[in-house]
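# Examining the three-dimensional arrangement
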Amino acid sequence: MNSKPVVWMNDEFIPWENAQVPILSHGLSRGSAIFEVFGTHTRDGQTFGFRMDAHLRRLERTADLLGMELKFSSEEIAAAVAGLVDRNKCGRGIVKIVAFWGEEAVINLILESKLDVAVFTIPASEELGLDKDAAISACFSQWRKLHPETVPVQAKACANYLNSYLIKKDAITRGYDLGLTLGTDGFLAEGAIESVFMVKDGILKTPPLGRILASITRDSIVRVAQDNGLIVREIPLQKQDVYEADEMFTCHTGIKVLPIRQFEDRDLKAPGPVTEKICRLMENVMALGDPRYADWFQKLS
Ligand SMILES: Cc1ncc(COP(=O)(O)O)c(C=O)c1O
């Protein structure tokens, strides 16, 4: 980034370089910060947030699951996002919201205070890789997805992302772009920072919620696919199901549909016919071209 945008932090717009916390803050030194990320999209010179309302609900849910409370309501954060997007002239890009205990916590493990909130806009760039669509390679990670009885996996908590770091590092070290995890129950879970879909005999399949993050992109794809006549099954998938998939793709808010061209030593058609149909449908939705999903876009500036 050349000129740094401003940051909204605790009801103030401040320079990017001033958005800092003490090293011994609970959020950093104990890893208790939580966050959300969603895309901003443009049409006719206006900027919209994609399903910002759902992302803000998930932020509240994360806080609830962890027994935390934010200093600001979803409405206040939504207004902050709009103000920031306008101020930073953010077009296509992402919004990242981080909520954290900024206080030092050397001894006290349990803080009672409400979480500070910071909002960042990050413009699209080559490095950010938004909208990339070149098919990728993937493998099963040697790491399992966190068990939901150890930490709430529905929570978008920074500490959970140590698991994601290991999954990604393992995949890259072994020469793959991306790693997919199995849960400790042996069923397919998700990627490091993405949900996963496979196609078998024309049917779209994805692991059910419960042991994975409730991805908003996953939810969008399921709805768009069903609304357009595709059969979707949210069912437990075994390792063998994955090895026998006809098509596979992953998704997250930055990259709506990313086909997998190679899974371990198997080549896959990428995109295969079902994946290609979903890519086209989602591209149209994301270009604000499908009025059925108009309420998925909140005008920000
Ligand atoms: C573990 C994990 N799964 C799935 C996703 C995709 O979620 P979303 O579609 O809400 O970006 C993410 C990204 O946030 C993630 O971190």
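These notes cover the structure that comes with them.

### Some remarks on helix α7 (residues 273-286)
Quick reminder: α-helices carry 3.6 residues per turn. Residues three or four places apart thus point the same way. In this model α7 runs 20 Å from its N-terminal to its C-terminal C-alpha over 14 residues, within 8% of the 20 Å that 1.5 Å per residue would give. The secondary structure elements touched by the buried residues of α7 are β3 (34-43), β10 (195-200), β11 (203-206), α5 (216-227), β13 (247-251) and β14 (258-263). Two residues or fewer past α7, L288 is found with a positive phi of approximately 60°.

### Description of the sheet that holds strand β1 (residues 6-9)
The strand order across the open sheet formed by 7 strands is β2-β1-β6-β5-β3-β4-β16, and the pairing between neighbours is antiparallel. Strand pairing shows two members of the sheet lacking a second neighbour, β2 (12-15) and β16 (297-299), which therefore form its edges. Each strand of the sheet is rotated relative to its neighbour by a mean of 30°, with strand direction disregarded. The sheet contact formed by β3 and strand β5 (residues 93-100) spans 7 bridges and is antiparallel. When the bridges of β5 are listed, G39 appears paired with I94. Packed onto the sheet, helix α2 (residues 52-65) meets β3, β4 (46-50), β5 and β16 and runs at close to 175° relative to β3.

### Focus on the site of the ligand
Looking at the ligand, there are 13 residues lining it, with S215, I216, T217, H252 and T253 nearest. Element by element, the count of residues in the shell around the ligand is highest for α5, at 3 residues. By residue class, the composition of the shell around the ligand is 4 nonpolar, 6 polar and 3 charged.

### Notes on the pairing of β10
Counting buried positions over the 6 residues of β10 gives 5, a clear majority of the element. Sheet analysis places β10 next to β13, joined by 5 bridges and oriented antiparallel. If you follow F197 over to β13, its bridge partner there is F249. In terms of strand pairing, β10 meets β11 through 3 bridges, oriented antiparallel. Its bridge partner lying in β11, K200 is registered against I203.

### Quick notes on the nonpolar core
Core analysis: the largest hydrophobic core is formed by 41 residues, its most contacted members being M248, I260 and M282. Examining the composition of this core, we find that 6 residues originate from one element, α7, more than from any other. Ignoring anything within four residues of it in the chain, the contact list for M282 reads I221, V224, K256 and V257. If you look at the next biggest cluster of nonpolar residues, it comprises 38 residues, including F48, F50, I77 and F297.

Rules and cut-offs
In every chain, residue numbers begin from 1 and rise along the written sequence. Whole-chain, interface and lining totals are the exception, using all residues; otherwise, since this is a predicted model, local features are given only for residues with pLDDT of at least 70 and side-chain atom pairs are given and counted only at 80 or more. Secondary structure elements are defined from DSSP: runs of H or I of at least 4 residues count as helices, runs of E of at least 2 residues count as strands, and each element is numbered from the N terminus. To estimate how far a helix should reach, multiply one less than its number of residues by 1.5 Å. Working definition of a contact: two residues with C-beta atoms, positioned from the backbone, lying within 7 Å. Think of it this way: DSSP has to see at least two bridges between two strands before they count as a pair. Every axis corresponds to a line fitted to the C-alpha atoms, with the helix fit spanning only the stretch in contact, and the corresponding angles, defined between N-to-C directions, vary from 0 to 180 degrees. Each residue gets a C-beta atom placed from its backbone. If that atom is within 6 Å of a molecule or strand, the residue is near it. Asp, Glu, Lys and Arg are counted as charged, while Ala, Val, Leu, Ile, Met, Phe, Trp, Tyr, Cys and Pro are counted as nonpolar; the rest, among them Gly, fall into the polar class. Three exposure classes are used. Buried residues have 20 or more other C-beta atoms within 10 Å of their own C-beta, exposed residues have 12 or fewer, and partly exposed residues fall in between, all C-beta atoms being placed from the backbone. For this entry, the nonpolar core is defined as buried Ala, Val, Leu, Ile, Met, Phe, Trp, Tyr and Cys residues connected by C-beta atoms within 7 Å.

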